[in-house]
Amino acid sequence: MAIEPKRVRVRQKTTISEIAEPIELQADGLYYELKTGFIITFDQEREDGVVPTTIKYTTGRLALICKGPIEMNHSFIEGRLTQSLYKNPYMSMTMATTTERLDVADGRCRFAYELSMNDDLAGSYEVDVTWTFEGGDEA
């Protein structure tokens, strides 16, 4: 039996230690319930094009997957260092994060991490993703 998706409105706010104003985005997407988590898919509108984005949460692990002008498949696990490859049209870099916090509750996912790109510290990030189901219902 196929998983039936629910339509969602995604709001993402990213705070970066080096930048005063947070980066905010809103998008319509799809939510898939899993036995041990969920998947949310949506498109990010960026200067260099549309980036299809997937957030996949399974117990204790959050994966952020991007395809298109930006490509990455990175996992965030609280208290752990994780590494992956980050690609854009101009370069490819090694991405490493140490996830300080990963909180997932109904309709909300928050995670904080230290980011290094090619072994250079890029800053501290805090991401807050919320979603509501079509019709305005909370998760």
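Our subject is the structure listed above.
Nothing here was measured: the structure is a model prediction, and the numbers come from that model.

Brief notes about the environment of N118
Among the structural elements, N118 can be located in the loop between strand 9 (108-117) and strand 10 (120-133). Remark: the alpha-carbon pair of N118 and M95, spanning 23 residues in sequence, is separated by 6.5 Å.

Remarks on the environment of A63
Counting through the fold element by element, A63 comes out in strand 5 (residues 61-66). With 23 residues separating them in the primary sequence, A63 and Y86 have C-alpha atoms 14 Å apart. Those residues in contact with A63, other than ones at most four positions away along the chain, are T54, I55, K56, H74 and S75.

What to know about the packing of aromatic side chains
A full pass over the atoms with the stated rule returns 9 aromatic pairs. Ring geometry for Y31 against F38: centres 5.7 Å apart, planes inclined by 20 degrees, an arrangement best described as stacked. There is no split in this pair, since Y31 and F38 are both buried. Grouping aromatic residues by their ring pairs yields a cluster made of Y31, F38, Y57, W131 and F133. For K6, the ring lying beneath its charged end belongs to F133, and the centroid distance is 4.9 Å.

Regarding the pattern of salt bridges
Charged atoms that come close allow side chains of opposite charge to pair. Summed over the entire model, instances satisfying the criterion amount to 4 salt bridges. Linking D28 and R9 is a salt bridge whose minimum nitrogen-to-oxygen distance equals 3.2 Å. Note that D28 is positioned in strand 2 (residues 23-34) and R9 in strand 1 (residues 6-16), a separation of 19 residues in sequence. Judged by relative accessible area, which is 53%, D28 ranks as exposed. The exposure class assigned to R9 is partly exposed, which follows from its relative accessible area of 29%. Among the ionic pairs, E126 bridges to R101, the shortest N-O distance being 3.1 Å. Taken as a pair, E126 in strand 10 and R101 in strand 8 (residues 92-105) lie far apart in primary sequence, 25 residues in all. Linked by salt bridges that have partners in common, R101, D103 and E126 make up one network.

Considerations on the sheet that holds strand 10
Taken in spatial order, the 10 strands make up an open sheet running 6-5-4-3-2-1-10-9-8-7, and their pairing is antiparallel. The strands lining the two open edges of the sheet, one partner per strand, are strand 6 (72-76) and strand 7 (81-87). For this sheet, the mean angle separating the axes of adjacent strands, direction not counted, is 30 degrees. Sheet topology note: the strand 1/strand 2 ladder contains 9 bridges and is antiparallel. In the sheet register, T14 faces strand 2, and the bridge partner there is I23.

Looking at the pairing of strand 6
Burial of strand 6 is extensive: 4 of the 5 residues sit out of reach of the surface. As judged from the 5 bridges shared by strand 5 and strand 6, these two strands associate in the antiparallel manner. By the bridge assignment for strand 6, A63 is matched with S75. The turn linking strand 5 back onto strand 6 is made up of 5 residues, and G68 within it adopts a positive phi angle of 105 degrees.

Conventions used here
Residues numbered from 1 in each chain as written. Predicted model: local features only at pLDDT ≥ 70, side-chain atom pairs only at ≥ 80, totals over all residues. Heavy atoms only, no water. Helix = DSSP H or I, 4+ residues; strand = E, 2+ residues; numbered from the N terminus. Contact = heavy atoms within 4.5 Å. Phe/Tyr/Trp six-rings, centres within 6.5 Å; stacked < 30°, edge-to-face > 60°. Buried < 20%, exposed > 50% of the residue type's maximum accessible area, 1.4 Å probe, protein only. Lys NZ or Arg CZ within 6 Å of the ring centre and 35° of its normal. Salt bridge = Lys/Arg side-chain N within 4 Å of Asp/Glu carboxyl O. Pairing = 2+ DSSP bridges. Axes fitted to C-alpha atoms, helices over the stretch in contact; angles between N-to-C directions.

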